[in-house]
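Reading the structure
The chain contents come next:
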Amino acid sequence: MNAITLVHAGHVPVMLKEVLTALAPRPGGRYLDGTFGGGGYARAILNSADCVLHAIDRDSAAIARGQEMAAQADGRLVLHQGTFGDMTSLVGDAAPFDGIVLDLGVSSFQIDQAERGFSFRHDGPLDMRMGGDGPSAADLVNTTSETELADILYRYGEEKLSRRIARAIVAARAEEPFTTTGRLAHVIRSCVPRDRSGIDGATRSFQGLRIAVNDELGELERALEAAPRLLAPGGVFVVVTFHSLEDRLVKRAMATLAGRTANPSRYEPAPARQEPPAFSLLYSRPLSATEEEERGNPRARSARLRALVRNPVSQPPASGMPA
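None of these values were measured; they are calculated from a predicted model.

Structural notes on the packing of helix α7 (residues 146-157) against helix α8 (residues 162-175)
Here α7 crosses α8 at 135°, and the two axes come no closer than 8 Å. With respect to their mutual orientation, α7 and α8 come out oblique. The two elements α7 and α8 meet at a crossing, and its hand is right-handed. Contacts between α7 and α8 involve Glu-146, Leu-149, Ala-150, Asp-151, Leu-153 and Tyr-154 from the first element and Ser-162, Arg-163, Ile-165, Ala-166, Arg-167, Ile-169 and Val-170 from the second. Class assignment of the residues belonging to the contact of α7 with α8 gives a composition of 8 nonpolar, 1 polar and 4 charged.

In structure tokens:
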């Protein structure tokens, strides 16, 4: 087995130890990393066992960075450019997998590159597109109606002052269209009181715009339906989330597959006897990063890990998973 020595500077995979524990890579196994990014999980999985790993990323820059790692892996790493919501068509006949992992955080490479427009820490073009295609954040901010813009900030950014911010954005774009992250962040901050926790006032709005631009929740819903179908018996599906919107979707989907639905009312007829669920929760509660990791990597503070295992005697689900 060829060890992968390539490490991309500045990239620190979140909850790596916990991810490896859940996946438990084994020799001869097949695994899927749906969010290749900087390759942190991929490198660790390939070095843990003499296995084969398929990896997906919608960012062409991530796929380009992964070519050197693939060369070191000597055929054990297969890269696919696309969205993880399309994992079924991307991996083709490579399924079933013994483990699938998704890290839903934004890649540190995307955040650190000002020209990608993901962060207000560096002034750059207002872009935010993970795959580089489709409407940009600038298109969204400059053309969306005030009502729809407020709804995006409220729904995806969980910003309580969304209407005030949307009103200010529409007024500012009437004078001059938005083209940079710095100007947009300045307008948003002018509407939001300073947060005692130290969180920048533009954080929630930028999150909402990024999610809308990349259809992140739609991609996640498609992945939550596809991934369980691609698991081999005993296979594990691991998801690391970074905000409550994602975590709620993952929690609900995994609970449904594991038969953890709400008990019916005592006044309703008893439900018909059902077959044992095809899946089980690996952990009854989500795992969080250790205090030590949080001190060394601030991105880990909001991380939550949930995992689902396909029971060895189960059959593939007969229909789509409820959303």
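Picking up after the structure, the text goes on.
Remarks on helix α11 (residues 216-229)
If you check α11, its first and last C-alpha atoms are 20 Å apart, about what 14 residues at 1.5 Å a residue would give, namely 20 Å. Within the span of α11, buried status applies to Glu-216, Leu-217, Gly-218, Glu-219, Leu-220, Ala-223, Leu-224, Ala-226, Ala-227 and Pro-228.

Description of the UniProt feature "binding site: S-adenosyl-L-methionine" (unreviewed entry) in the protein chain
Taking the numbering used here, the UniProt-annotated feature "binding site: S-adenosyl-L-methionine" (unreviewed entry) corresponds to Gly-39, Gly-40, Tyr-41, Asp-57, Phe-84, Asp-103 and Gln-110. With a relative accessible area of 14%, Gly-40 lands in the buried category. Sequence-distant contacts of Asp-103, defined by excluding residues within four places in its chain, comprise Thr-35, Tyr-41, Val-240 and Phe-242.

Notes on the nonpolar core
One finds Met-87, Ile-169, Leu-184 and Phe-237 to be the most contacted residues of the largest nonpolar core, which totals 58 residues. The residues contacting Ile-169, other than those within four sequence positions of it, are Val-141, Leu-149, Phe-178, Leu-184, Val-187 and Ile-188. Residues Tyr-41, Ile-63, Ala-73 and Phe-242 belong to the second largest nonpolar core, which totals 33 residues.

Things to note about the pattern of salt bridges
Tallied over the full model, the rule gives 10 salt bridges. Across the salt bridge formed by Asp-98 and Arg-26, the nearest N and O atoms sit 3.1 Å from each other. With a gap of 72 residues between them, Asp-98 in strand β4 (residues 97-103) and Arg-26 in the loop between α1 (16-23) and β1 (30-33) connect regions that are remote in the sequence. The class for Arg-26 is partly exposed, based on a relative accessible area of 41%. The closest approach of N and O atoms between Arg-129 and Asp-127, which form a salt bridge, is 2.8 Å. With relative accessibility at 17%, the residue Asp-127 sits in the buried group.

Observations concerning unusual backbone geometry
The peptide bond linking Ala-95 to Pro-96 adopts the cis configuration, its omega dihedral lying at 5°. Looking at where Pro-96 falls in the secondary structure, it is placed in the loop between α4 (87-91) and β4. Positive phi values are uncommon outside glycine, yet Met-15 reaches one of about 55°. By the secondary structure assignment, Met-15 is in the segment before α1.

Describing the environment of Glu-225
Here Glu-225 shows up in helix α11. A relative accessible area of 36% means that Glu-225 is categorised as partly exposed. Note: C-alpha distance between Glu-225 and Met-254 (29 residues apart in sequence) is 9.9 Å.

So, how was this worked out
Residues numbered from 1 in each chain as written. Predicted model: local features only at pLDDT ≥ 70, side-chain atom pairs only at ≥ 80, totals over all residues. Heavy atoms only, no water. Axes fitted to C-alpha atoms, helices over the stretch in contact; angles between N-to-C directions. Helix = DSSP H or I, 4+ residues; strand = E, 2+ residues; numbered from the N terminus. Parallel < 35°, antiparallel > 145°, perpendicular 65-115°, else oblique. Left-handed = near helix turned anticlockwise from the far one by under 90°. Contact = heavy atoms within 4.5 Å. Nonpolar A, V, L, I, M, F, W, Y, C, P; charged D, E, K, R; others polar. Expected span 1.5 Å × (residues − 1). Buried < 20%, exposed > 50% of the residue type's maximum accessible area, 1.4 Å probe, protein only. UniProt positions renumbered as here; feature names shortened; annotations may be inferred. Core = buried A, V, L, I, M, F, W, Y, C linked by side-chain atoms within 4.5 Å. Salt bridge = Lys/Arg side-chain N within 4 Å of Asp/Glu carboxyl O.

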